[in-house]
Amino acid sequence: MEQRISLVTLGVTDVARARAFYEHLGWQGQEVEETVFFQAGGLAVVLWGRDKLAADAGIDDPGTGGFGGMTLAQNVRSRAEVDEVIATAVAAGAEVTKPARETFYGGYAGYFTDPDGHVWEIAWNPGFPLAEDGTITVPDFGTTG
């Protein structure tokens, strides 16, 4: 298996509401058969009905919500941009779970949840500089294995 991810699919309870949220953040998507696709750098973020996603994956979903042990993250170019993105998300209906603050690694970050409870971290990390197109390259930490 190649070391890459092609799609991140978010199971949502209301595709139209979820699409409106992400479009309020400035994302541009296209809908095909009740599924919304957003190009996000070298991968795609997909919004699909939570019930349909669970059925497609062959799992039972009690729909209890809550933290699923995973976060999505977007690195940005400055501390000010962290605050701007989080403010835009709040205006779109996000709930801040941890206000932006200085981090242990010398950066600045905060967290919010989208209307379906998916957790997002918005971070400025001086150790992960962004290329012009917004991609990061994991630095060489000088470790092996």
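Structure first, text after, so check above.
First, a word on what this report is: a plain description of the structure on this page. (Residues numbered from 1 in each chain as written. Predicted model: local features only at pLDDT ≥ 70, side-chain atom pairs only at ≥ 80, totals over all residues. Heavy atoms only, no water.)

1. Re the sheet that holds strand E7 (residues 108-113)
Phase 1 of the analysis: Strands sit in the order E5-E8-E7-E6 across an open sheet of four strands; the sheet is mixed. Both edges of this open sheet fall to strand E5 (72-75) and strand E6 (95-102), since each of them pairs with a single strand only. Neighbour-to-neighbour, the strand axes of the sheet open up by a mean angle of 15 degrees, direction not taken into account.
Phase 2 of the analysis: Here E5 pairs with strand E8 (residues 119-124) via four bridges, running parallel. Bridged to asparagine 75 within E8 is alanine 123. (Pairing = 2+ DSSP bridges. Helix = DSSP H or I, 4+ residues; strand = E, 2+ residues; numbered from the N terminus. Axes fitted to C-alpha atoms, helices over the stretch in contact; angles between N-to-C directions.)

2. Let's talk about the pattern of salt bridges
Phase 1 of the analysis: Taken as a whole and assessed by the stated rule, the structure comprises seven salt bridges.
Phase 2 of the analysis: Taking the shortest distance from any N to any O, the salt bridge between glutamate 2 and arginine 4 comes out at 2.9 Å.
Phase 3 of the analysis: Arginine 4 gets classed as exposed once you look at its relative accessible area, which sits at 52%.
Phase 4 of the analysis: The residue arginine 17 makes a salt bridge to aspartate 116 at a minimum N-O spacing of 3.0 Å. Here aspartate 116 lies in the loop between E7 and E8 and arginine 17 lies in helix H1 (residues 15-24), a separation of 99 residues in the sequence.
Phase 5 of the analysis: One connected set of salt bridges, linked through shared partners, spans Arg19, Glu23 and Glu31. (Salt bridge = Lys/Arg side-chain N within 4 Å of Asp/Glu carboxyl O. Buried < 20%, exposed > 50% of the residue type's maximum accessible area, 1.4 Å probe, protein only.)

3. Some remarks on the sheet that holds strand E3 (residues 35-40)
Phase 1 of the analysis: One open sheet holds the four strands; their spatial order is E1-E4-E3-E2, and the pairing between them is mixed. Looking at strand neighbours, the two that pair on one side only are strand E1 (7-12) and strand E2 (29-32), the edges of this open sheet. Adjacent strand axes in the sheet meet at a mean angle of 25 degrees when their direction is disregarded.
Phase 2 of the analysis: By the bridge criterion, six bridges tie E3 to strand E4 (residues 43-49) in an arrangement that is antiparallel. Counterpart to phenylalanine 37 in the pairing with E4 is valine 46.

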